[in-house]
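Coordinates in review
Each chain is listed here by its residues.
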Amino acid sequence: MSIDKQIIEENRAFYDNIGNIYPVAEGVAITEETINNMECYWFNPENAKPNELVIYVHGGGYCIGSIRSHKAMVSHFAKGLGRTILFMEYALAPEKPYPSGLNDVMSIYEWAVQKFPNHNLYLMGDSAGGGLSIWASYQIAERNLKVPKAVALISPSYNLELNNPSTNNRQHLDQILNKEMVATFFSAYAGDNISTADTSKLNFTTFPPVFVGVGTNEILFDDSINFYDMVYKIQPNAQLKIYGGQGHVLTQMDIFSDSSRDLISNIYNFFNNNSNE
């Protein structure tokens, strides 16, 4: 598939603008820092739990997304979770395809392990960032690194082949994603290496405690279901919450909805319940 970079640039601008739908949360200080040649951002809420750090991986089909698209949403996550969040602008396709983004995520995670040896670490990601968080969890185990206390995934990408039934039978419900554009993004990311880059092809034998939240009205619905069906067999401390009538990454369009508040509350409780494990 040929990649139209102009279309991707237009989608980047559009997605960044979505970050202006609602304001940044009050009481959250945001500071920028370059870490391992990556632009990163600290979200520090008032009265943050000490020695707790959430590493956040943003969504955007592995091709779009930035601090501009995610600053407001992640600030509300930091406030709602009562934890400091470290947000990274990892390498994006098509300029830097697989495995560049994954390598960046691992670079920041390893940096955090070394920088904060006594901290409880958590991974959190939405959409493609959820897929990268799943991949990172695999590599963390492979490298025998300190394991996250918990992982939280919102509408994670788990299958790059887009061959799940929901990609077709839920398209009419999805007001955010369309199969053709997602296929363009995934092709830009993985090229001829779809099978190699596809998270669903990994053979997991272990996984951290994990919470998954997904809406019914999204073409990637089956990604969350299939990931949960896989992971709960190796990690009993896995939770799946399905939000009826909600779309892809439900918190991005309305952080103040009952579903968004419930999702943040569930992740807060999940992190708390696993912080001392």
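Anything mentioned here points back to the structure above.
Let me begin by describing the structure that accompanies this report. (Residues numbered from 1 in each chain as written. Predicted model: local features only at pLDDT ≥ 70, side-chain atom pairs only at ≥ 80, totals over all residues. Heavy atoms only, no water.)

**Overview of the overall build of the protein chain**
Helix and strand counts for the protein chain come out as 10 helices and eight strands. Taking 2.2 N^0.38 as the reference for a compact globule, 277 residues should give roughly 19 Å; the C-alpha atoms of the protein chain span a radius of gyration of 17 Å, in line with that estimate. Each principal axis of the C-alpha atoms in the protein chain carries an extent, and together these give about 45 × 40 × 40 Å. By the burial criterion, 59% of the 277 residues in the protein chain qualify as buried. When contacts within the protein chain are restricted to residue pairs at least 6 apart in sequence, long-range pairs at least 24 apart make up 80% of them. When the accessible area of the protein chain is evaluated, it comes to approximately 11,500 Å², of which 46% is carbon and sulfur surface. (Helix = DSSP H or I, 4+ residues; strand = E, 2+ residues; numbered from the N terminus. Rg over C-alpha atoms; globule rule 2.2 N^0.38 Å. Buried < 20%, exposed > 50% of the residue type's maximum accessible area, 1.4 Å probe, protein only. Contact = heavy atoms within 4.5 Å. Areas by Shrake-Rupley, 256 points an atom, 1.4 Å probe, with all protein chains shown as cover.)

**Examining the state of the cysteines**
If you walk through the whole model with that rule in mind, you get zero disulfides. Sulfur of Cys 40: no disulfide; nearest cysteine sulfur belongs to Cys 63 and is 20 Å away. For Cys 63, a relative accessible area of 0% puts it in the buried group. (Disulfide = S-S within 2.5 Å.)

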